[in-house]
Amino acid sequence: MPQRPAEIMQVPVDGQAAARIRVRGIVQGVGFRPFVYRLAIELGLSGWVRNDADGVEIEAQGGEAALAALLRGLKSEAPDLARVDEVSTMLAKVRPHHGFAILESRAGHAHTGIAPDAAICPVCLAEIFDPANRRYRYPFTNCIHCGPRYTITRRLPYDRPNTSMAKFALCPDCRREYDAPLDRRFHAQPNACPACGPRLALVEAGGQAMAADDLIAATLERLHAGQILAIKGLGGFHLMCDARNREAVARLRRRKQREEKPFAVMLAGVASVAQFAVCSDAERRLLEARERPIVLLQKRAECDMALPGVAPGMGELGVLLPYAPLHYLLFHEAAGRPDGTAWLETPQELALVCTSANPGGEPLVTGNDEALQRLASIADVFLMHDRDILVRCDDSVMRVNQEWGMGNGQCGKPITSGPSLITHHTSPSFIRRARGYTPCAIKLAKAGRSVLAVGGWFKNTVCLTRGDEAFLSQHIGDLDNASTCRSLEETAQHLMNVLEIEPEIVAHDFHPDFFSSRFAADFARQRGIPVLDVQHHHAHIAAVMAEHGLAGPVLGLALDGVGLGRDGKAWGGELLRVDGASFERLGHLAGLALPGGDSTAREPWRMAASALHALGRGGEIERRFAHSGATAVRQMLEKNLNSPATSSCGRLFDAAAGLLGVREVAAFEGQAAMLLEGLAERHGPVVALDNGFRIEADGSLNLLPLLAALSEIRDAGQGAALFHATLAKALAAWVEDALETTGLNQVAFGGGCFLNRLLSADLVARLEALGAKVYQARQAPPNDGGLSLGQAWIAINSL
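Residues numbered from 1 in each chain as written. Predicted model: local features only at pLDDT ≥ 70, side-chain atom pairs only at ≥ 80, totals over all residues. Heavy atoms only, no water.

Participant: Looking at this structure, I do not really get the overall build of the chain. What am I missing?
Facilitator: When helices and strands are tallied, the chain shows 22 helices and 29 strands. Taking 28 Å as the expected radius of gyration for a compact globule of 799 residues, we find that the chain reaches 28 Å, a close match to that expectation. Taken along its principal axes, the extent of the C-alpha atoms in the chain is 90 × 65 × 60 Å. Looking at the 799 residues of the chain, the share that counts as buried comes to 61%. Excluding contacts between residues fewer than 6 apart, the proportion of contacts in the chain whose partners are at least 24 apart in sequence is 72%. Entry remark: accessible area of the chain is about 29200 Å², with carbon and sulfur atoms responsible for 50%. Measuring between centres, the 82 positive side-chain charges of the chain sit 2 Å from its 89 negative side-chain charges. (Helix = DSSP H or I, 4+ residues; strand = E, 2+ residues; numbered from the N terminus. Rg over C-alpha atoms; globule rule 2.2 N^0.38 Å. Buried < 20%, exposed > 50% of the residue type's maximum accessible area, 1.4 Å probe, protein only. Contact = heavy atoms within 4.5 Å. Areas by Shrake-Rupley, 256 points an atom, 1.4 Å probe, with all protein chains shown as cover. Lys, Arg positive; Asp, Glu negative; His and termini not counted. Charge placed at Lys NZ, Arg CZ, Asp CG, Glu CD.)

Participant: Would you explain the sheet that holds strand S1 (residues 17–26) in this entry?
Facilitator: Whether parallel or antiparallel, the strands of a sheet pair through hydrogen bonds between backbone atoms. As summarised here, the arrangement of the 5 strands in space is S4-S1-S3-S2-S5, forming an open sheet in which the pairing is mixed. Edge positions in the sheet fall to strand S4 (83–91) and strand S5 (100–102), since each of these pairs with one other strand and no more. Direction aside, the axes of adjacent strands within the sheet are offset by 15° on average. Relative to S5, helix H1 (residues 32–43) is tilted by about 175°, and along the sheet it contacts S1, strand S2 (46–52), strand S3 (55–62), S4 and S5. Running at roughly 0° to S1, helix H2 (residues 64–76) makes contact with S1, S3 and S4 of the sheet. (Pairing = 2+ DSSP bridges. Axes fitted to C-alpha atoms, helices over the stretch in contact; angles between N-to-C directions.)

Participant: It is not clear to me how the side chain of Ser648 should be interpreted in this structure. Could you clarify?
Facilitator: In this structure, Ser648 sits in the loop between strand S25 (645–646) and helix H17 (649–659). Its relative accessible area of 5% is what places Ser648 among the buried residues. In terms of polar contacts, Ser648 uses its side chain to reach the backbone amide nitrogen of Arg651, at 3.0 Å. Excluding its chain neighbours within four sequence positions, the residues that come into contact with Ser648 are Asp560, Gly561, Trp571, Gly572, Gly573 and Leu589. (Polar contact = N/O pair within 3.5 Å; in protein donor to acceptor, adjacent residues only side chain to side chain.)

Participant: Explain the packing of H1 against H2 to me, please; I cannot follow it from the model alone.
Facilitator: Helix packing for two helices is described by the angle between their axes and how far apart those axes are. Running from amino to carboxyl end, H1 crosses H2 at an angle of 150°, the nearest separation of the two axes being 10 Å. Regarding the angle of H1 to H2, the classification is roughly antiparallel. With respect to the hand of their crossing, H1 and H2 are arranged in right-handed fashion. Residues Phe32, Phe35, Val36, Leu39 and Leu43 of H1 lie in contact with H2, whose contacting residues are Ala66, Ala69, Leu70, Gly73 and Leu74. Of the residues contributing to the contact of H1 with H2, the split by class is 9 nonpolar, 1 polar and no charged. (Parallel < 35°, antiparallel > 145°, perpendicular 65-115°, else oblique. Left-handed = near helix turned anticlockwise from the far one by under 90°. Nonpolar A, V, L, I, M, F, W, Y, C, P; charged D, E, K, R; others polar.)

Participant: Sorry, what's going on with H2 here?
Facilitator: Helical geometry: 3.6 residues make up each α-helical turn, so side chains three or four residues apart lie on a common side. With 13 residues, H2 should cover 18 Å at 1.5 Å per step; its first-to-last C-alpha distance of 19 Å lies within 8% of that length. The complete set of buried residues in H2 reads Ala66, Leu67, Ala69, Leu70, Leu71, Gly73 and Leu74. Structurally, H2 contributes buried residues whose contacts are with S1, H1, S3 and S4. (Expected span 1.5 Å × (residues − 1).)

Participant: Before we go on, may I ask you to explain the side chain of Thr355 in this structure?
Facilitator: When you line up the elements, Thr355 lands in strand S12 (residues 351–356). One polar contact links Thr355 to Arg258, side chain to side chain, over a distance of 3.4 Å. Thr355 has contacts with His238, Leu239, Leu252, Lys256, Arg258 and Phe263, leaving out every residue within four places of it along the chain.

Participant: What is the right way to read the pattern of salt bridges from this model?
Facilitator: A side chain of one charge can pair with a side chain of the opposite charge if their charged atoms are brought near each other. For the structure shown, the criterion picks out 57 salt bridges. For Glu469, the salt bridge identified is with Arg466, shortest N-O distance 3.2 Å. When sorted by exposure, Glu469 lands in the same class as Arg466, which is buried. The structure contains a network of salt bridges with shared partners spanning Glu127, Arg134, Arg135, Glu177, Arg184 and Arg185. (Salt bridge = Lys/Arg side-chain N within 4 Å of Asp/Glu carboxyl O.)

Participant: Whenever I open this one, helix H13 (residues 536–548) confuses me. Can you help?
Facilitator: Between its first and last C-alpha atoms H13 spans 19 Å; for 13 residues at 1.5 Å apiece the expected length is 18 Å, and the two agree. Burial analysis of H13 places 12 of its 13 residues in the buried class, the great majority of the element. Within H13 the residues assigned to the buried category are His536, His537, His538, Ala539, His540, Ile541, Ala542, Ala543, Val544, Met545, Ala546 and Glu547. Just downstream of H13, Gly549 is the residue with a positive phi angle, here 65°.

Participant: So what exactly am I meant to see when it comes to the state of the cysteines here?
Facilitator: Here a disulfide denotes a covalent bond joining the sulfur atom of one cysteine to the sulfur atom of another. Tallied over the entire structure, the rule returns 0 disulfides. A disulfide-free cysteine, Cys174 has its sulfur positioned 3.6 Å from the sulfur of Cys193, the nearest such atom. For Cys174, a relative accessible area of 0% puts it in the buried group. With no disulfide of its own, Cys393 has Cys440 as its nearest cysteine by sulfur position, at a separation of 11 Å. Cys393 sits in the buried class, given a relative accessible area of 4%. (Disulfide = S-S within 2.5 Å.)

Participant: Can you walk me through the packing of aromatic side chains in this structure?
Facilitator: How two aromatic rings sit relative to each other is set out by the distance from centre to centre and by the angle between their planes. If you walk through the whole model with that rule in mind, you get 12 aromatic pairs. Summarising the aromatic geometry, the rings of Tyr138 and Phe140 are spaced 5.6 Å apart at their centres and angled 65° between planes, so their arrangement reads as edge-to-face. With 6.4 Å between their ring centres and 15° between their planes, Phe515 and Phe519 make a pair best called stacked. Placement of the pair is Phe515 and Phe519 together in helix H12 (residues 515–527), with a separation of 4 residues, close to one helical turn. Comparing Phe515 with Phe519 shows no difference in burial state: the two are buried. Chaining the aromatic ring pairs together yields one cluster made of Phe515, Phe519 and Phe523. One Lys or Arg, Arg433, reaches over the ring of Phe430 and ends 5.7 Å from the middle of that ring. Here Lys773 stacks its cationic end above the ring of Tyr775, 5.6 Å away from the centre of that ring. (Phe/Tyr/Trp six-rings, centres within 6.5 Å; stacked < 30°, edge-to-face > 60°. Lys NZ or Arg CZ within 6 Å of the ring centre and 35° of its normal.)

Shown next, in the form of structure tokens:
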């Protein structure tokens, strides 16, 4: 049985005591064994350390004070990539040991985790820019502190034979590094060099290898010429082009059929960001973090001129820094191959569009042959390599949020007519959780049976639980094509395999027609295990409760595009009382008709027409909207044909955008809302309407007065700002009533509308001023990318 540290040692024999130590967490592939080895040597201990399926096992023998110091150091001095969840100890027999050794790994049933991929570390980066180093300009340089992990691993334990590096035999120099316990490449499974490791190939769209003296230089030459390159990264291929080249960007949009959705831009370093976007200290830290997500930054006025067509009409620019050596080498080449890393501290001219190679919304391309087939109509040239990607993993997308408190206005601008807001701290949140963070476990407040939760339809993820850990998969995508549906199945199976978890229950969305729901039913039937359907908005709130360890009950405000309600209607603006596996619908946004059903999600003018009809002004529809279907929409609304009601907050944003003329037809999901937010930010704060809403007797929140006001405003920026301010004021009043009625004090925000930082910040400030404690999604996205976490938490609590 585990013992307390003070009780671990057997009665000393000749002044010696012994302990068997077990370390659990992310402790494989992160340099933990060499760290233990060095610490033990420094403390004069003998014994051994090894990996096994349960984590890291240690037998240590020596003086009691030295053993106690070892136990302290295992947590306080662990390597940067490690995450120590538990250190347990038990008695061991004092026996003869000759020094301290690192033993071979031992297989078994997995109870440990594997580290995510990590950006190249500063030491390896210095090596590839040092002409005297044998890894100079080698694009697969890594060590125990950086490089691929999850995306090259087939199974645990994390050893080279279980990775895609198995086919690359180590040369004598790399073998010496790999076998030397004090070397930073000791047991670095992807360790390689130009003599023995993976190699690049530059290939024409037809599959013919290109002859070039230097492939990096040839790649850059193609980029400068305006061509589109498919470049193989850690978790899949990127499509890249010169972000300053208007024609190249437009060509990429046409070929990828991505008319207006914003692209991300890769820049050499933080010093290169200021010419395009504002970057705070917190945003800089997130950009430079080893996870290297895409970070949404506020655009400067000159950004669209400098990067034409990259993020048209958006208030933010997605920026990421290089994370693989190959990325850095492109910028190094553009800079003229300077020695050292100092050049990264100065602005660089090169800016690259960097977008996922997932044509038609299908899964990210990972294989070389697959790339040549699926990307042939998009890419002009392919820069690939022969290290296989075993797990597709897209780039994570994040934003730094300002957490607001009430103040005197000296440190921030007031958003409403009430007290000013000041920032008291910043907190990053996910828009998409994938590379760099998957498969890090989210710690749960309690342990339970193993659950497989399979998410919803949009932005699908799956979640697998083990004890008190939830493993949220990388972003999979929308389940609107066969390839993405297969990817869901593959991702679930890989997580089960690599973590050796056999689910005891399966959870899915309440909507029976989702592919994920059908997959869950088949999975459960084949294994003879129970299946649980979970209402969409209940899952949104439960995801926030899971990551914050909230047992409930809480008040949940769920705002999103759509989710099937228990009454069979389209929900999306919900006020819930959530208590573990149960919930009660306290109220909802007053319904608006959806003329044409689901098509309204891409045609905001239809929601604007619906608002006019609800205001008794349906006769204005044809005059205001010059669409061929305007008359049909008016008639549908008048006759209540194919016009189901919805409480969706997302459709409310669409109605506002349509009334203000911001966007009548959207090129991608959520575009109208994003444009509306950008306009409001650029306009600046306004005073919220005093009479812009009503709380009805049935508990619903009616925002028709706000929509009526917007219909008369001709300045879209002013209207957008007024919409945000009044919506926040209305929601705060609505929640305040529920707080008083229920006696609750904790409020959880869930749903994709909370990606809107203006709405979130204003609403948090208002509710905290009332004394409420507000919880938001931080370890998982608030949108449908976090649904599977909420489903899993509800399943755990359903016993």
